Amino acid sequence: MIVLGIESSCDDTAAAVVVDGREIRSNVASSQAELHAKYGGIVPELASRSHVQQIVPIVRAALSTADVSLQDVDAIAVTSGPGLAGSLIVGLNMAKGLAAASGKPLIGVNHLQGHAYAGWLYQSGDAAAPTAPEEMCGFPLLCLVVSGGHTDLALLKSHGEFERVGRTRDDAAGEAFDKAARLMGLGYPGGPVIQKIAETGGPSDPLPRAWIRGTWDFSFSGLKTAVLHRARAEGIYPAPEGGPDQDAVAALARSFQEAVADVIATKTARAAEEFGVQGIVIGGGVAANSALREALQDRSSVPVMSPPPALCTDNGAMIAAAAYHYLKRGESSGLDLDVTPGLTIEEAPSAPAASVI
Ligand code: KG4
Ligand code: ZN
């Protein structure tokens, strides 16, 4: 089954064509990072206007790169939440228009579930399809979704059936990276720049970790405050004339990254043991972080399935991959589907409905 996946929940306009929830025929995206960089974070109004400009060419490019027409696809999948309302609406209306015009089913997808399903994807043309996570390890799997807006630990009990066991109580991991980068004058998005400069840093001086023992929850706001105090003490923030000393920035970036990676990897590995899962699937922008990936591989006693970094950040392929399981069960959304900015990882995007065409 061929699914066109559309994603516009945040600051990337993306579309992809995926076969049977796994094989990527095309995966194209237009990033708005440059547009938002000077503000140090996403400006929702600018994001939705940019999606309006990009959505048609991106969807066209996804279809033409995959060498398929709209008539060839079996369904049109789109992120309906969580995310920025004004951004989600652009992708959803595009998908509705395509579904109405083609008569193909519309499938609303939970963005966080999409991040988990990135672990099933592989590039068309790869020598052989890698073994799917549930074939390798069986259900339930433990999913770690760490993005700019969320930090969730969830059990995937069977396809599409998520149960959240842990979440952040304040900032998301990606948000912490972005805020820390801002304090260090490193720009937006913070994750990739912190990772890069941290590689040049000397031995790190540990920052405090919030373990929130007895739960699988996370907290990163205390760490952010600790970064602020240290940035002040080291003359990094406010930035002095001529910019802060780059060795001091690299050392702080490294200490920060180690603290985040340590807490997430340790708790995720322990949760895997506690819940008796045989495998861990990771996704979301922060899952691209090499320190986190290494820490989790080191600490976990079960296999960790990590999508390539490019599939960790927002993309259309993961949306098509998650939608495949709805399609397989014969479920689709109605054309009255609305955006749900606050959707949690356990929730279905909407009650499955018969097509209203
Ligand atoms: O999943 P994503 O692309 O968008 C959301 O759904 O939020 O995640 C974006 C977040 C940003 O906060 C960004 O700083 C972070 O992922 N990120 C990283 C890395 N690449 C992106 N964080 C740490 N290390 C990275 N290499
Ligand atoms: Zn995301």
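It should be emphasised that the depicted structure is a prediction, and the values quoted were computed from it without experimental measurement.

(A) Region of interest: the coordination of the zinc ion (ligand 2). Binding of the zinc ion (ligand 2) to the protein goes through H111 (NE2), H115 (NE2) and D314 (OD), at separations of 2.0 to 2.1 Å. The sequence pattern formed by the donor residues of the zinc ion (ligand 2) is H-x3-H-x198-D. Of this pair, H111 and H115 both sit in helix α4 (residues 111-117), four residues apart, which is roughly one turn of that helix. H111 gets classed as buried once you look at its relative accessible area, which sits at 6%.

(B) Focus on the pairing of strand β4 (residues 75-81). Extensive coverage of β4 is indicated by the burial of seven of its seven residues. Here five bridges tie β4 to strand β5 (residues 106-110), and the two strands are oriented parallel to one another. By the bridge assignment for β5, T79 is matched with V109. Taking the sense of rotation as the criterion, the β-α-β connection linking β4, helix α3 (residues 85-102) and β5 turns out right-handed.

(C) Highlighting the domain arrangement of the protein. When the domains of the protein are assigned, the result is domain 1 (2-121 + 311-355) and domain 2 (135-306). Across the domain 1/domain 2 interface, buried area totals approximately 2000 Å², and carbon plus sulfur atoms make up 68% of it. Between the two partners, domain 1 and domain 2, sit zero salt bridges. Every element with two or more residues in the side of domain 1 that touches domain 2 is listed here: α1 (33-37) and α4. Taken together, the residues that form the side of domain 1 that touches domain 2 break down as twelve nonpolar, nine polar and three charged.

(D) Seen up close, the nonpolar core. Of all hydrophobic cores here, the largest spans 52 residues; its most connected members are L142, M184, I194, F256 and I264. Contributing elements (two or more residues each) for this core: β7 (141-146), β8 (151-158), α6 (173-183), α7 (190-198), α8 (221-233), α9 (246-274), β10 (280-283) and α10 (290-299). Here this core gets 14 residues from one element, more than from any other, and that element is α9. Those residues in contact with L142, other than ones at most four positions away along the chain, are L153, A154, L155, V165, T268, A271, A272, V277, G279, I280 and V281. Within the second largest apolar cluster, 35 residues are counted, among which are A77, A132, C137 and A154.

(E) View of the environment of I345. Locating I345 in the fold gives a position in the segment after α12 (316-328). Residue I345 is classed as buried on the basis of its relative accessible area of 0%. Between the alpha carbons of I345 and R167 there is a distance of 10.0 Å; along the sequence they are 178 residues apart. With residues up to four places along the chain from it excluded, the contact list for I345 reads N110, L112, Q113, V145, D152, A154, F162 and R164.

(F) Main features of the pattern of salt bridges. A full pass over the atoms with the stated rule returns twelve salt bridges. Among the ionic pairs, R164 bridges to D152, the shortest N-O distance being 4.0 Å. Of this pair, R164 sits in strand β9 (residues 161-167) while D152 sits in strand β8; the two residues are twelve residues apart in sequence, bridging distant segments of the chain. For E331, the salt bridge goes to R329, with nearest N and O atoms at 3.4 Å. A single network of salt bridges, built from pairs that share partners, joins D171, E175, K179 and K224.

Definitions and cut-offs
Residues numbered from 1 in each chain as written. Chains lettered and ligands numbered in written order. Predicted model: local features only at pLDDT ≥ 70, side-chain atom pairs only at ≥ 80, totals over all residues. Heavy atoms only, no water. Donors = N, O, S within 2.8 Å, 3.2 Å for Na, K, Ca; no water. Helix = DSSP H or I, 4+ residues; strand = E, 2+ residues; numbered from the N terminus. Buried < 20%, exposed > 50% of the residue type's maximum accessible area, 1.4 Å probe, protein only. Pairing = 2+ DSSP bridges. Right-handed = clockwise from strand over helix to strand, strands pointing away. Domains from an automatic or database assignment. Buried area = accessible area lost by both parts, 1.4 Å probe. Salt bridge = Lys/Arg side-chain N within 4 Å of Asp/Glu carboxyl O. Nonpolar A, V, L, I, M, F, W, Y, C, P; charged D, E, K, R; others polar. Core = buried A, V, L, I, M, F, W, Y, C linked by side-chain atoms within 4.5 Å. Contact = heavy atoms within 4.5 Å.

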